[in-house]
Amino acid sequence: MSRFLSSSIGRKVVMALTGFFLITFLIVHLGINLSLFWGPEAFNEASEFMATNGVIQVMQYVLAAGFIMHIILGVKLELQNRSSRGVKYAVNKPSENSSFSSRNMIVTGIIVLLFLILHLKDFFVELKFFDKGGFSTDYDLVTALFKNPVYTAIYVIAFILLGIHLSHGFQSAFQSTGANYNKYKRCLKNTGIAFSILIAVGFSAIALYFSFIN
Amino acid sequence: MDFTLKIWRQEDANAQGSMKEYKVTDIDSDTSFLETLDVLNQQLVEKNEDVISFDNDCREGVCGTCSLYINGEAHGPKKLVTTCQLYMRSFKDGQTIYIEPFRAKSFPIVKDLVVDRSAFDRIQQSGGYTSFDTGGAVDANAILIPKEDAADAFDAAECIGCGACVATCKNSSAMLYVSAKVSQFAYLPQGRVEATERVMNMVNQMDAEGFGNCTNTGACEVECPKGISLENIARLNREFLKATLVPK
Ligand code: HEM
Ligand code: SF4
Ligand code: FES
């Protein structure tokens, strides 16, 4: 086990498992957010459930640990990888052989992290510790935030970048855990891209709807 | 055809290197890339200058000795060929061609375009073999092997150890190479005997040599002259998971 975690492959597997875990979290989170379309009652009820259910309360800490592990390992891998080349090439054509998303995981990851901090401050902390930031219900707080166009713009950009992160990350996690076979390769790749679009469009649509239409 | 060549010159391992410009003229389009370097070296000899060092041996794409990062790609712009199988017809007349050594901290430069790839040898020595007792020849069909497994093993065994995968990878990862060397034995009954130690030792040696971590960009597969598939890396990951996590 210790040999596993100290090896390059072992750390990649942990990276992939935390990635899968974060993907599951995203699906649940999107589900909750979509209830906004069903009006204040549905969303407040879902929000209430998330705030009081025992399993969810425990999962919050697991989720935080998953994020921290994913981030620490991601940064560590990146630093090691950057130092393994030495002298740089005078001419290099990485776009001939690999995708933009696969080469910029750390960039998309760090921007998502910055957004996450802002997001936690505006929603999570307000709802949990500051009595809904002065609003009477969770629904009011959330929809009011989207009335700020700057906030909505940041929100949409962050989710597009998360989509780019996932368009490589989804299939990459299968490869890292050894679950990729040539037979399923195309299928996994396409599912990953479809999922990334779902996440980017799903979250953005909610923000844009409450910003411009509702 | 005429070309401007910008070539990495470096006196020895510790010297500071730089790109130097050379011209070659009247090159036939069917001249190979290495022959063009031979022509240039002949000119340098005649001018009493230090010739450009580059690795080569078989010049037919089987030994894995030739290297070179040509215009930003390992083994040049053509896919599925080594540098020795590259011909000047793949370039445009008058084109400027950048020629650099394969770069990775684990492949230190010896001189000019020659790099020391003995890190690969040490990985191979740590487990890339099967142990046999010698004796009378065994009947060839004594151990039956499914066609698909034999084909997978053969595909993996095509790796010539050139190091293009490392040179290309943004992380200088050696995973494609190691995965080919593990995979060529992984599904053969003869290879199963030492499978656990093989994958542990080879991955440990790979990490110890300072190669980067694989992030599945897939650049190696595209630039590999032998078309070694990424599926081998997934197989290596499975073999390593099995070896480290499943109790014996
Ligand atoms: C909800 C948020 C996130 C999700 C769903 C997610 C998902 C994933 C997945 C599935 C992978 C592929 C794992 C693999 O290749 O085996 C990955 C890789 C990566 N993630 Fe994230 N991630 C998220 C947030 C972040 C954050 C905040 C960072 C901040 C540093 C980050 C940095 C990275 C890096 C650097 C990689 C590349 C590592 C590699 O390919 O080996 N991610 N992510
Ligand atoms: S996997 Fe391909 S690129 Fe890498 S050493 Fe083998 S033949 Fe060369
Ligand atoms: S010289 Fe042998 S493969 Fe190119």
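Definitions and limits used
- Starting from 1, residues in each chain are numbered consecutively following that chain's sequence as written.
- For this description, chains carry letters from A and ligands carry numbers from 1, given in the order in which they are written.
- Totals for whole chains, interfaces and linings use all residues, but because this is a predicted model, local features are given only for residues with pLDDT of at least 70 and pairs of side-chain atoms are given and counted only at 80 or more.
- Side-chain numbers here rest on the full set of heavy atoms in the structure, without hydrogens or water.
- For helices the rule is a DSSP run of H or I covering at least 4 residues; for strands it is a run of E covering at least 2, with both sets numbered from the N terminus onward.
- Contacts are assigned to residue pairs that have any heavy atoms within 4.5 Å of one another.
- A residue counts as positive if it is Lys or Arg and as negative if it is Asp or Glu; His and the chain ends are not included.
- The atom standing in for a charge is NZ when the residue is Lys, CZ when it is Arg, CG when it is Asp and CD when it is Glu.
- Because no water is among the atoms considered, metal sites can look incomplete, with donors defined as N, O and S atoms within 2.8 Å of the metal, or 3.2 Å for Na, K and Ca.
- Note on geometry labels: four donors, all angles 85 to 135 degrees, give tetrahedral; four donors become square planar and six octahedral when opposite donors are over 155 degrees apart and every other angle is between 65 and 115; remaining cases are irregular.
- Being near a molecule or strand, for a residue, means having at least one of its heavy atoms within 4 Å of it.
- Whenever a nitrogen or oxygen atom comes within 3.5 Å of another N or O atom, the pair is scored as a polar contact, on the condition that within protein one atom can donate a hydrogen and the other can accept it, and that pairs from neighbouring residues in sequence are kept only if both atoms are in side chains.
- Any residue that is not Ala, Val, Leu, Ile, Met, Phe, Trp, Tyr, Cys, Pro, Asp, Glu, Lys or Arg is counted as polar, Gly included; the first ten are nonpolar and the last four charged.
- Each residue gets one of three labels from its accessible area relative to the maximum for its type: buried under 20%, exposed over 50%, partly exposed in between, using a 1.4 Å probe on protein chains only.

## Some words on the overall build of chain B
Within chain B one finds nine helices and seven strands. Considering only C-alpha atoms, chain B reaches an extent of 65 × 35 × 35 Å along its principal axes. For chain B, long-range pairs separated by at least 24 residues make up 70% of all intrachain contacts whose partners lie at least 6 apart in sequence. Charged side chains of chain B number 25 positive and 36 negative; the gap between the two group centres comes to 5 Å.

## A word on the coordination of the iron atom of ligand 1
All names here are of chain A. Around the iron atom of ligand 1, the protein contributes the donor atoms His70 (NE2) and His165 (NE2), which lie 2.0 to 2.1 Å from the metal centre. For the iron atom of ligand 1, the six donor atoms in the first shell make angles of 87 to 179° at the metal, so the coordination geometry reads as octahedral. Linking His70 in helix H4 (residues 54-83) with His165 in helix H8 (residues 149-176), this pair joins segments that are 95 residues apart in sequence.

## Some words on the site of ligand 2
Around ligand 2 there are 13 residues in total, and B:Cys159, B:Cys162, B:Gly163, B:Cys165 and B:Cys224 lie nearest to it. The set of elements that each furnish at least two residues to the shell around ligand 2 consists of helix H4 (164-168) and helix H5 (175-186) of chain B.

## A look at the site of ligand 1
Residues and elements named next belong to chain A. With respect to spatial proximity, 26 residues lie near ligand 1, and among them Lys12, His70, His165, Ser172 and Ser176 are the closest. For ligand 1, an oxygen atom lies 2.9 Å from a polar atom in the side chain of Lys12. Of all the secondary-structure elements, those providing two or more residues to the shell around ligand 1 are helix H2 (8-34), H4, helix H6 (105-129) and H8. Here the residues of the shell around ligand 1 are counted per class, giving 15 nonpolar, ten polar and one charged.

## Remarks on helix H7 (residues 138-145) of chain A
All names here are of chain A. Burial analysis of H7 places six of its eight residues in the buried class, which makes it a mostly covered element. Taken together, the buried positions of H7 are occupied by Asp138, Tyr139, Leu141, Val142, Thr143 and Leu145. Contact partners of the buried residues in H7: helix H3 (40-52), H6, H8 and helix H9 (182-213).

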